[in-house]
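Residues per chain, in single letters:
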2 protein chains.
Amino acid sequence: MSIYIDPAVAASLRGYEMPEKLGFGTVMAPVMFRAVCQDGCWSRGELIPYAPLSLDPAAKVLHYAQSCFEGMKAYRTRDGGISLFRPERNAARMAHSAERLCMPPVPESLFMDGVRTVTAYCANLVPANSGESLYLRPFLMGTQADLAVSASTSYEFYVIASPSEAYHSGNMRLWVEREDSRAAIGGTGDAKVGGNYAASLLSIARLKQRGYDQSLWLNAGNRQSVDELSGMNFFAVIDAELHTPALNGSILEGITRESLIELARDLGYQVRECAIDIDELLRRVADGSCEEAFACGTAAIISPISVLGDGGENYQLASAPGPVAERLRQALLDIQEGRTEDRFGWMQPVEVISLD
Amino acid sequence: MSIYIDPAVAASLRGYEMPEKLGFGTVMAPVMFRAVCQDGCWSRGELIPYAPLSLDPAAKVLHYAQSCFEGMKAYRTRDGGISLFRPERNAARMAHSAERLCMPPVPESLFMDGVRTVTAYCANLVPANSGESLYLRPFLMGTQADLAVSASTSYEFYVIASPSEAYHSGNMRLWVEREDSRAAIGGTGDAKVGGNYAASLLSIARLKQRGYDQSLWLNAGNRQSVDELSGMNFFAVIDAELHTPALNGSILEGITRESLIELARDLGYQVRECAIDIDELLRRVADGSCEEAFACGTAAIISPISVLGDGGENYQLASAPGPVAERLRQALLDIQEGRTEDRFGWMQPVEVISLD
């Protein structure tokens, strides 16, 4: 790696003590990667101490939500090394998200430099317990100070990192959201941008009061087919086949989703990417032909679903965690944590940098 | 006003020189108002020098777009005083926007304290030319450093200000946007939140390349009726009657829209709040029964529309600016700038504070 290391960076890393209790996304690594883009020209990136950002009060990101992000993980593998999981897929998706909001895509080489540099210097912060990892959060935002509704002329790209447990644990109780929408047809649902998440917060707050964990979002166009959860894709096992909503423009193309489809087929499961009608799904749960369902995402890996709540009814899944979810989760983690051969070529080892 | 004035604030104001060329939202006043909210408890607000904000890189606003804003204006009136236009309507709308994104509403008294304080101290920055004003931008954002998708526990509220010309001038060429959507049914379209604007940037960039100025957004549910522009409401004069889309949950409830409806009725116009079918509208423009159309908003006041572009066709409005738009614009500005009696009770004078 050819970037200059500030003495302050070395001091931040040397002085860092990792807390015992990690949670998800609350413990932050002491360094971050930063690059800026002015009028389409990207600076070289640099590793700097984690510190508050300085933003003009009129910065576009604060008013017009011109920002996008990624979520990815560095894993400690069985041989003691550190690997990233399919980082080039995150780079590609972030470029897509950026373009949807008129932002200059972060060049793949700069994106990779960012995630690899942070990972290389934070190797000691990658937890060793299975299911734990160093969660990486690249993000891009428009920083121009100008209140006109137009794309920014200046941008900042950061990679921050957080040693984390898996995002959800235990079985999730989902609420079928029939009122609010996460994203419009022709909107930003297939881009990883803040507005999708902002729109979901009220639904989540409402359902938590009713004893549920997450919203199950329906398609905003037909209000009938399942799209996704907030930040996670949906799978159901129906008559021993895996069903997941087909990408339709308002679903985020999850990298865990894509990987699980490939992995499941490799393990001999039939996988259907198709429209999943919510009422049909609930009937299937009620009559037992849908025995298990789960959500997946980078942060959560696989989270089993125990209940689908709709109106006054609770539809109980027969099995949570179910055998298919368990098997897929273990197979994926075995690859990510280096216990089985990486036969899909998904893992990218990172050369660790030691300060000593 | 009972707030403490820092010597740095006085110095910022005394040292400020207003540029001759204002534009819209680019020249910023040298002071701003700030209040914070932690776990539901609001601090007292304070006037401070305009300066970069310090935000944790993991702040919710940067990742999940948990923020909302308002746009409003302070006008210099004919008698030399300074007045705000219906500020309590902005306070109410911002409370609605905040609730849609699970944020604590800014108390009306704090909101009013913010806009009145900034205006009172920036009285010298309120331009005197008709159509110019001090544009005020209150905004609220979630600042908690935590990557979980959930509402922030901490918030900051600011009021920044910009001496400005009217947002648009000249006649606008609109593009009927049939692909992208601004906001979903059940989404955040009736709240003034960043995600709506972020979603609109790509459409605006595309149409500018084709020689248009703004997108005309259709309803994301039916793809057939007119919703609004980005940040402006739509009016058409059809058979000598004013038509504007009825509030349907995905249209922002514009304060200029609401005021123009009241003003137009007072001036003897028939005003219909109804669904406006885009194809019917284009037919009416083509056959001449729709002679004029215009957009309205706080920033733009009234902007005449000269062309509606759809696919390969341009539908030319017979009259732009048309007589109805001209008359309404003048009648509204006459009230805002104190040339006629404020018979609706819309203007709130602000007591100017002099540093001398």
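Because the structure is predicted, anything quoted here is derived from the model rather than measured. (Residues numbered from 1 in each chain as written. Chains lettered and ligands numbered in written order. Predicted model: local features only at pLDDT ≥ 70, side-chain atom pairs only at ≥ 80, totals over all residues. Heavy atoms only, no water.)

### Examining the overall build of chain A
Phase 1: Looking only at helices and strands, chain A has eight helices and 19 strands in total.
Phase 2: Against the compact-globule benchmark of 21 Å for 356 residues, chain A has a radius of gyration of 21 Å, which places it among compact chains.
Phase 3: Taking the principal axes of the C-alpha coordinates as reference, chain A spans close to 65 × 55 × 35 Å.
Phase 4: For chain A, the proportion of its 356 residues judged to be buried stands at 61%. (Helix = DSSP H or I, 4+ residues; strand = E, 2+ residues; numbered from the N terminus. Rg over C-alpha atoms; globule rule 2.2 N^0.38 Å. Buried < 20%, exposed > 50% of the residue type's maximum accessible area, 1.4 Å probe, protein only.)

### A few points about the relation of the copies chain B and chain A
Phase 1: Take chain B, turn it by 180°, move it 0.0 Å along the axis, and it overlays chain A with an RMSD of 0.0 Å. What we have between these two chains is a two-fold relation.
Phase 2: When the interface residues of chain B are mapped onto chain A, 100% of them again fall at the interface, so both copies present the same face. (Least-squares fit on C-alpha atoms with pLDDT ≥ 70 in both. Contact = heavy atoms within 4.5 Å.)

### Description of the environment of Met232 of chain B
Phase 1: Here Met232 of chain B lies in the loop between β12 (226-228) and β13 (233-238).
Phase 2: Note: C-alpha distance between Met232 of chain B and Arg257 of chain B (25 residues apart in sequence) is 8.5 Å.

### Description of the packing of aromatic side chains
Residue and element names in this part refer to chain A.
Phase 1: Under the counting rule described, the total for this entry stands at 24 aromatic pairs over all chains.
Phase 2: Linked through ring pairs, Phe33, Trp42, Phe111 and Phe157 together constitute an aromatic cluster.
Phase 3: We note Arg173 situated over the ring of Tyr212; from NZ or CZ to the ring centre the distance is 5.0 Å. (Phe/Tyr/Trp six-rings, centres within 6.5 Å; stacked < 30°, edge-to-face > 60°. Lys NZ or Arg CZ within 6 Å of the ring centre and 35° of its normal.)

### Here's the deal with the environment of Thr256 of chain B
Residue and element names in this part refer to chain B.
Phase 1: As for its position among the elements, Thr256 is in helix α6 (residues 255-266).
Phase 2: Taking the relative accessible area as the measure of exposure, Thr256 reaches 5% and is therefore buried.
Phase 3: Once you skip the residues sitting within four places of it in the chain, Thr256 turns out to touch Cys296, Gly297, Thr298, Ile301 and Leu332.

### Notes on helix α3 (residues 87-100) of chain A
All names here are of chain A.
Phase 1: Helix length check: α3, at 14 residues, gives a terminal C-alpha distance of 20 Å against a target of 20 Å (1.5 Å per residue), a fit within 8%.
Phase 2: Of the residues making up α3, those classed as buried are Pro87, Asn90, Ala91, Arg93, Met94, Ala95, Ser97, Ala98 and Arg100.
Phase 3: One or two positions beyond α3, positive phi appears at Cys102, with a value near 65°. (Expected span 1.5 Å × (residues − 1).)

### Quick look at the interface of chain B and chain A
Phase 1: Contacts between the two partners involve 59 residues from chain B and, on the opposite side, 59 residues from chain A.
Phase 2: On inspection of chain B and its partner chain A, the count reaches 24 residue pairs in polar contact (both at pLDDT 80 or more).
Phase 3: Secondary structure elements with two or more residues in the side of chain B that touches chain A: β4 (53-55), α2 (60-64), β5 (67-69), α3 (87-100), β8 (133-142) and α5 (194-209) of chain B.
Phase 4: For the side of chain B that touches chain A, the residue count by class is 37 nonpolar, 14 polar and eight charged.
Phase 5: Pairing between strand β4 (residues 53-55) of chain A and β4 of chain B: three bridges, direction antiparallel. When the sheet's bridge partners are listed, Leu53 of chain A is paired in β4 of chain B with Leu55 of chain B. (Polar contact = N/O pair within 3.5 Å; in protein donor to acceptor, adjacent residues only side chain to side chain. Nonpolar A, V, L, I, M, F, W, Y, C, P; charged D, E, K, R; others polar. Pairing = 2+ DSSP bridges.)

### With respect to the domain arrangement of chain A
Residues and elements named next belong to chain A.
Phase 1: Parsing chain A into structural domains produces domain 1 (7-165) and domain 2 (172-336).
Phase 2: Distance between the C-alpha centres of domain 1 and domain 2: 27 Å.
Phase 3: Each partner contributes residues to the interface: domain 1 has 22 residues there, and domain 2 has 22 residues.
Phase 4: Taking both sides of the interface into account, the surface hidden between domain 1 and domain 2 amounts to around 2000 Å²; carbon and sulfur atoms contribute 57%.
Phase 5: Applying the counting rule to domain 1 against domain 2 returns three salt bridges.
Phase 6: The partner of Arg89 in a salt bridge is Glu253, with the nearest N and O atoms 3.8 Å apart. (Domains from an automatic or database assignment. Buried area = accessible area lost by both parts, 1.4 Å probe. Salt bridge = Lys/Arg side-chain N within 4 Å of Asp/Glu carboxyl O.)

### Notes on the packing of α3 of chain A against helix α4 (residues 108-121) of chain A
Residues and elements named next belong to chain A.
Phase 1: Contact pair α3 / α4: the axes reach a minimum separation of 10 Å and the direction vectors enclose 130°. Comparing the axis directions of α3 and α4 gives the class oblique. Along this stretch, α3 crosses α4, giving a crossing that reads as right-handed. For the pair formed by α3 and α4, the contact residues are Pro87, Glu88, Asn90, Ala91 and Met94 on the first element and Glu108, Phe111 and Met112 on the second.
Phase 2: A breakdown of the residues in the contact of α3 with α4 according to their chemical character gives five nonpolar, one polar and two charged. (Axes fitted to C-alpha atoms, helices over the stretch in contact; angles between N-to-C directions. Parallel < 35°, antiparallel > 145°, perpendicular 65-115°, else oblique. Left-handed = near helix turned anticlockwise from the far one by under 90°.)

### Comments concerning the pairing of strand β11 (residues 214-218) of chain B
Residue and element names in this part refer to chain B.
Phase 1: For β11, the buried fraction is high: five of the five residues fall into the buried class.
Phase 2: Burial along β11 is two-sided: Gln214, Leu216 and Leu218 and Ser215 and Trp217, pointing in opposite directions, are all buried.
Phase 3: Bridge analysis of strand β10 (residues 172-177) against β11 gives four bridges, and the strand direction is parallel. For Trp175, the partnering residue across the bridge sits in β11 and is Ser215.
Phase 4: Direction of pairing for β11 relative to β12: antiparallel, over a ladder of two bridges. Within β12, the residue paired with Trp217 across the bridge is Glu228.

### Focus on unusual backbone geometry
Phase 1: Residue Pro321 of chain A follows Ala320 of chain A across a cis peptide bond; omega there is -5°.
Phase 2: Positionally, Pro321 of chain A belongs in the loop between β18 (313-316) and α8 (323-336).
Phase 3: With a phi close to 70°, Ala240 of chain A is a non-glycine residue in the positive phi region.
Phase 4: With respect to the helices, strands and loops of the structure, Ala240 of chain A is situated in the loop between β13 (233-238) and β14 (241-245).
Phase 5: For Ala240 of chain A, a relative accessible area of 64% puts it in the exposed group.
Phase 6: Positive phi values are uncommon outside glycine, yet Cys102 of chain B reaches one of about 60°.
Phase 7: Judged by its relative accessible area of 18%, Cys102 of chain B is buried.

### Details of the pattern of salt bridges
Phase 1: Applying the stated criterion across every chain yields a total of 42 salt bridges over all chains.
Phase 2: A salt bridge links Arg178 of chain B to Asp310 of chain B; the nearest nitrogen and oxygen atoms lie 2.8 Å apart. Separated by 132 residues along the polypeptide, Arg178 of chain B in the loop between β10 and α5 and Asp310 of chain B in strand β17 (residues 301-310) bring together distant segments of the chain.
Phase 3: A residue is classified by how much of its surface remains accessible, and Asp310 of chain B, at 14% relative accessible area, is buried.
Phase 4: With a shortest N-O distance of 2.5 Å, Arg343 of chain B and Asp266 of chain B are connected by a salt bridge. A residue pair is termed long-range when its members are at least 10 positions apart, and Arg343 of chain B in the loop between α8 (323-336) and β19 (347-350) and Asp266 of chain B in helix α6 qualify at 77 residues.
Phase 5: A relative accessible area of 41% means that Arg343 of chain B is categorised as partly exposed.
Phase 6: Here the salt bridges do not stand alone but share partners, grouping Arg86, Arg89, Glu253 and Glu258 of chain A into one network.

### Description of the pairing of strand β10 (residues 172-177) of chain A
Residues and elements named next belong to chain A.
Phase 1: Among the six residues in β10, five count as buried, and that is most of the element.
Phase 2: Pairing between β10 and strand β17 (residues 301-310): four bridges, direction parallel. Bridged to Trp175 within β17 is Gly309.
Phase 3: What joins β10 to strand β11 (residues 214-218) is helix α5 (residues 194-209), and the crossover it makes is right-handed. (Right-handed = clockwise from strand over helix to strand, strands pointing away.)

### Digging into α4 of chain A
All names here are of chain A.
Phase 1: Here α4 spans 20 Å end to end across 14 residues, near enough to the 20 Å set by a 1.5 Å rise per residue.
Phase 2: Here α4 lies mainly inside the structure; 10 of its 14 residues are buried.
Phase 3: If you check which residues of α4 are buried, you get Leu110, Phe111, Met112, Gly114, Val115, Thr117, Val118, Thr119, Ala120 and Tyr121.

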